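Structure at a glance
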Amino acid sequence: MNRRHRCGPRLWAAALVLVTALGLAALPLQAASAAEGPAVTLSKSQAGTGGSITVSGSGWRPTTLLMLLICGQSEPGRGVIGGTNSCANADGRAVTTGDKGTFSKKLPVAEPPVPCPCVVHVATVTGDKAQADAVLKVAGHPVKALPAQSGGGKLSVLTDTRLDGSSGVLTWFGAPASRTFVFTVGNVGSAPLKDPVFQVGTSHGVFAPQWEDQQWRGTIAPGRKAQIKLPVELTSGAHGNYLVSLKFGGKVLAEQPWGVGRPWGVTLFWILLCVVVPAAVFRIGMAVVDRARPRRSGGAGRHRGALHFPELAARVPKLRTPESSRRAARPPRDTTGTGTPTTTALPWFTPDTDPGAPAGQLSAPSDNSPTTKGNT
């Protein structure tokens, strides 16, 4: 029993020492992998257009969306000089890293819009920015030497960046929004910088920035500073939240958010167009129908069933007052003294065409009247 109790603490102590030694041995490996950072390897170092290569990576953040592009005028040490404008964007591929930060993706080989040297450029789309390049020779694509790199000049942004300018009336109707990117940089290197070339990129949402080279004319001596103004312009009809980024020497120096309003003038134009065009079509159709409709014969009016004024007046009953009614009921007066009321002939009837005269009698009824016979 005593022997067992003596051996137990020794075994525990030996196990603890072994575990500690293994942990210390693993620390250098973890530090080395952390120091290496993201890495990219290719299945082939040279390929022609129309073929494909397999791109593998390690050391990336887990479950991160990456963009794979073939870019020209670039080297792993200097990055992509022209930004994504130097890449075959139409043939790019996206991939998401695994839980251990690794990935493997097949990428078609395409010629970039600028000459080689070329690389396979891998960069993060969301989250913290990270990128890595691997050299690729595109068979049959022209090769051009990279521009000479300036000496020991290095720039650093000294003040906060800002966007100067405002939108006009044309922007409200869909014209491109433009601003001036203003910032102050200082040369913290040991050599002067003459006519430095900056890269200005604009990004929207989760999309990568579209970089554009802009050269500033001037020289910045070591230890000196200068205010830089670079124009920034969006596409027509762009609206929403944008991010303007500034890059120099393959390193992002500053970022500035930019909120662009919606071009409501375009919306108003489409609303008016949807109202005016149907109204014009309706009026044209009514005019065509009116011309194609058959007309009434005999001088009929334009509208069917319309009554003319004489016809309407004949249908309206005549109004009579009490006095006119008494006059109509009163018998005609005897103006000849014979006791027989006389009927006055209407002015438009001649004596021989009077409707009240006996047929065949053309003279006055002096001899045949009953009053004359009675008197004789």
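See above for the structure.
Attention in this report is confined to the structure presented alongside it. (Residues numbered from 1 in each chain as written. Predicted model: local features only at pLDDT ≥ 70, side-chain atom pairs only at ≥ 80, totals over all residues. Heavy atoms only, no water.)

1. Details of the nonpolar core
By size, the foremost hydrophobic cluster in this structure holds 23 residues, and its most contacted members are Phe183, Phe198, Ile228 and Trp258. Setting aside anything within four residues of it in sequence, one finds isoleucine 228 in contact with Phe181, Val182, Phe183, Val185, Phe198 and Trp216. The next biggest cluster of nonpolar side chains, apart from the first, holds 20 residues, and it includes Val40, Ile53, Val55 and Val120. (Core = buried A, V, L, I, M, F, W, Y, C linked by side-chain atoms within 4.5 Å. Buried < 20%, exposed > 50% of the residue type's maximum accessible area, 1.4 Å probe, protein only. Contact = heavy atoms within 4.5 Å.)

2. Focus on unusual backbone geometry
Backbone torsion omega between cysteine 116 and proline 117 reads 20 degrees, so that peptide bond is classified as cis. Note that proline 117 resides in the loop between β8 (103–108) and β9 (118–124). Residue threonine 63 is not a glycine yet carries a positive backbone phi of 45 degrees. The phi torsion at glutamine 73 lies on the positive side, around 50 degrees, for a residue other than glycine. Along the polypeptide, glutamine 73 turns up in the loop between β4 (65–71) and β5 (74–75). (Helix = DSSP H or I, 4+ residues; strand = E, 2+ residues; numbered from the N terminus.)

3. A look at the sheet that holds strand β1 (residues 39–42)
The strand order β1-β3-β8 describes an open sheet built from three strands, whose pairing is antiparallel. Taken across any chain shown, the strands that pair with only one partner, and hence form the sheet edges, are β1 and β8. In this sheet, neighbouring strand axes are inclined to one another by 25 degrees on average, regardless of whether the strands run parallel or antiparallel. Relative to strand β3 (residues 52–58), β1 runs antiparallel, the two sharing four bridges. Note that in β3 the partner of threonine 41 across the bridge is serine 56. (Pairing = 2+ DSSP bridges. Axes fitted to C-alpha atoms, helices over the stretch in contact; angles between N-to-C directions.)

4. Some words on the side chain of threonine 64
Mapped onto the elements of the fold, threonine 64 is located in the loop between β3 and β4. Judged by relative accessible area, threonine 64 falls into the buried class, the value being 4%. A polar contact is formed between the side chain of threonine 64 and the backbone oxygen of proline 62, at a distance of 3.2 Å. The contacts of threonine 64, once residues within four sequence positions are left out, are Val95, Thr96, Thr97, Thr124 and Thr126. (Polar contact = N/O pair within 3.5 Å; in protein donor to acceptor, adjacent residues only side chain to side chain.)

5. Some words on the sheet that holds strand β2 (residues 46–48)
In space, the five strands of this open sheet follow the order β2-β10-β9-β4-β7, with mixed pairing throughout. Of all strands in the sheet, those with a lone pairing partner are β2 and β7 (93–96), marking the two edges. With strand direction ignored, the average angle separating the axes of adjacent strands in the sheet is 35 degrees. The sheet contact formed by β4 and β7 spans four bridges and is antiparallel. From the neighbouring strand, methionine 67 faces β7, where its bridge partner is alanine 94.

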